[in-house]
Amino acid sequence: MSTPRPPVQADIDAEIARLQGSRPGASHPARDYAPYRSSVLRHPTQPLVTVKDPDAVELSGPVFGVTDVTALDHDLTRQHPGEPLGERITVTGRVLDADGRPVAGQLVEIWQANASGRYAHQRDDHPAPLDPNFTGAGRCLTDADGRYAFTTIKPGPYPWRNHTNAWRPAHIHFSLFGQAFTQRLVTQMYFPGDPLFPYDPILQAVTEQPARDRLVATYDHDLSVPEWSLGYRWDIVLDGPAATWMEEGR
Ligand SMILES: [Fe+2]
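Presented here is a report on the structure given in the accompanying data block.

### Section: the overall build of the protein chain
Thinking step 1. Of regular secondary structure, the protein chain possesses four helices and eleven strands.
Thinking step 2. The contacts of the protein chain with a sequence gap of at least 6 include a subset with a gap of at least 24, amounting to 69%.
Thinking step 3. Carbon and sulfur atoms make up 57% of the accessible area of the protein chain, which totals about 13700 Å².

### With respect to the sheet that holds strand β2 (residues 107-111)
Thinking step 1. Here we have four strands laid out as an open sheet, ordered β3-β2-β7-β8, and antiparallel in their pairing. At either margin of the open sheet sits one strand with a lone partner, and together these are β3 (137-141) and β8 (185-190). Strand-to-strand twist in this sheet, taken as the mean axis angle between neighbours without regard to direction, amounts to 25°.
Thinking step 2. Examined bridge by bridge, strand β7 (residues 171-176) and β8 share six bridges and lie antiparallel to one another.

### Things to note about the nonpolar core
Most often, soluble globular proteins have nonpolar side chains that are buried together.
Thinking step 1. Counting residues in hydrophobic clusters, the biggest one holds 38 residues, and the most contacted among them are Tyr148, Phe174 and Ile236.
Thinking step 2. Among the secondary structure elements, those contributing two or more residues to this core are β1 (88-96), β2, β4 (147-153), β7, β8 and α3 (201-204).

### Observations concerning the coordination of the iron ion
Thinking step 1. At the metal site, the iron ion is ligated by Tyr119 (OH), Tyr158 (OH), His171 (NE2) and His173 (NE2), and these contacts range over 1.9 to 2.2 Å.
Thinking step 2. Taken in chain order, the donor set of the iron ion reads Y-x38-Y-x12-H-x1-H. On the criterion of sequence distance, the pair formed by Tyr119 in the loop between β2 and β3 and His173 in strand β7 is long-range, its members being 54 residues apart.

### What about the packing of aromatic side chains?
One pair of aromatic rings is described through two measures. These are the centre distance and the angle between the planes.
Thinking step 1. Scanning the entire structure with this criterion turns up nine aromatic pairs.
Thinking step 2. With a centroid separation of 6.0 Å and 45° between ring planes, the pair formed by Tyr148 and Phe150 is classed as tilted. The two residues Tyr148 and Phe150 agree in class, both being buried.
Thinking step 3. Summarising the aromatic geometry, the rings of Tyr148 and Phe174 are spaced 5.6 Å apart at their centres and angled 75° between planes, so their arrangement reads as edge-to-face. Of this pair, Tyr148 sits in strand β4 while Phe174 is found in strand β7, placing the two residues 26 residues apart along the sequence. Accessibility assignment for this pair places Tyr148 and Phe174 in one class, buried.
Thinking step 4. A connected cluster of aromatic rings, assembled from ring pairs, spans Tyr148, Phe150, Phe174 and Trp234.
Thinking step 5. The cationic tip of Arg88 hangs over the ring face of Trp228; the distance from NZ or CZ to the ring centre is 3.4 Å.

### Quick word on the pairing of β3
Thinking step 1. Taking every second residue as pointing to the same face, the buried face of β3 carries Gly138 and Cys140, while none of Ala137, Arg139 and Leu141 on the other face is buried.
Thinking step 2. With five bridges joining them, β2 and β3 adopt antiparallel strand pairing. What sits directly across from Trp111, in β3, is Ala137.

### Overview of the environment of Thr135
Thinking step 1. Inspection of the secondary structure puts Thr135 in the loop between β2 and β3.
Thinking step 2. Using a relative accessible area of 39% as the deciding quantity, one classes Thr135 as partly exposed.
Thinking step 3. Separated by 58 residues in sequence, Thr135 and Thr77 place their C-alpha atoms 9.0 Å apart.
Thinking step 4. With residues near it in sequence (within four places) discarded, Thr135 still touches Gln79, His80, Gln112 and Ala120.
Thinking step 5. One polar contact links Thr135 to His80, side chain to side chain, over a distance of 2.6 Å.

### Description of the pairing of β1
Thinking step 1. With eight of nine residues buried, β1 is to be regarded as a mostly interior element.
Thinking step 2. As judged from the seven bridges shared by β1 and β4, these two strands associate in the antiparallel manner. By the bridge assignment for β4, Arg88 is matched with Ile153.
Thinking step 3. Bridging between β1 and strand β11 (residues 236-237) involves two bridges; their strand directions are parallel. The partner of Leu96 across the bridge, within β11, is Val237.

What counts and how
- Residues numbered from 1 in each chain as written.
- Predicted model: local features only at pLDDT ≥ 70, side-chain atom pairs only at ≥ 80, totals over all residues.
- Heavy atoms only, no water.
- Helix = DSSP H or I, 4+ residues; strand = E, 2+ residues; numbered from the N terminus.
- Contact = heavy atoms within 4.5 Å.
- Areas by Shrake-Rupley, 256 points an atom, 1.4 Å probe, with all protein chains shown as cover.
- Pairing = 2+ DSSP bridges.
- Axes fitted to C-alpha atoms, helices over the stretch in contact; angles between N-to-C directions.
- Core = buried A, V, L, I, M, F, W, Y, C linked by side-chain atoms within 4.5 Å.
- Buried < 20%, exposed > 50% of the residue type's maximum accessible area, 1.4 Å probe, protein only.
- Donors = N, O, S within 2.8 Å, 3.2 Å for Na, K, Ca; no water.
- Phe/Tyr/Trp six-rings, centres within 6.5 Å; stacked < 30°, edge-to-face > 60°.
- Lys NZ or Arg CZ within 6 Å of the ring centre and 35° of its normal.
- Polar contact = N/O pair within 3.5 Å; in protein donor to acceptor, adjacent residues only side chain to side chain.

Here it is in structure tokens:
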């Protein structure tokens, strides 16, 4: 049995064209998306199970409150004795439901690579330097207006082994618990104008441009702090037709 050949850019372009042609207008990524090799392993293969008592599921699920999050958890630049290297940024926005109402008191967690594109993780062996002053994980609770805010370092792009010369655009991973099981969201936020967008099978798995655009933050000069940091705004919609798209894997 021969080893499957990893996809190259032509395969990615062909698969994107096939998906867009066969599912016009669809923004839901295919579960098996060939250009993103590990997507095949990262979704259910069994029929969905109907939950007979949804309320019981909600009651037994995890909940988080103010006592679980410390005042410094939202600032990824202050978790070590020294300051991390890189471009200091603020990322803020509102978490909204399908009707545009703020979702207050919700746990928002993020994780990301450092400025060199390296994760502080034992399985990341990308030959870029670790930063002893940057772990790359943070969390906060949304306020009464549904607003979250993080201070961090702009992550660098990094290579991965999906196909030849594969690089991920700079991104921050987000996890939100929402107010119900159906609002659970794990996704990625991207930075505007990244030249790697067309080459990224994960972003391109979302075949509709407006849905892809909802994953990209906006640079907001009013959020930039003089002599200190640059500001990005990114709102997150947990459900409904304008929902922020959920990732299928990494
Ligand atoms: Fe990542």
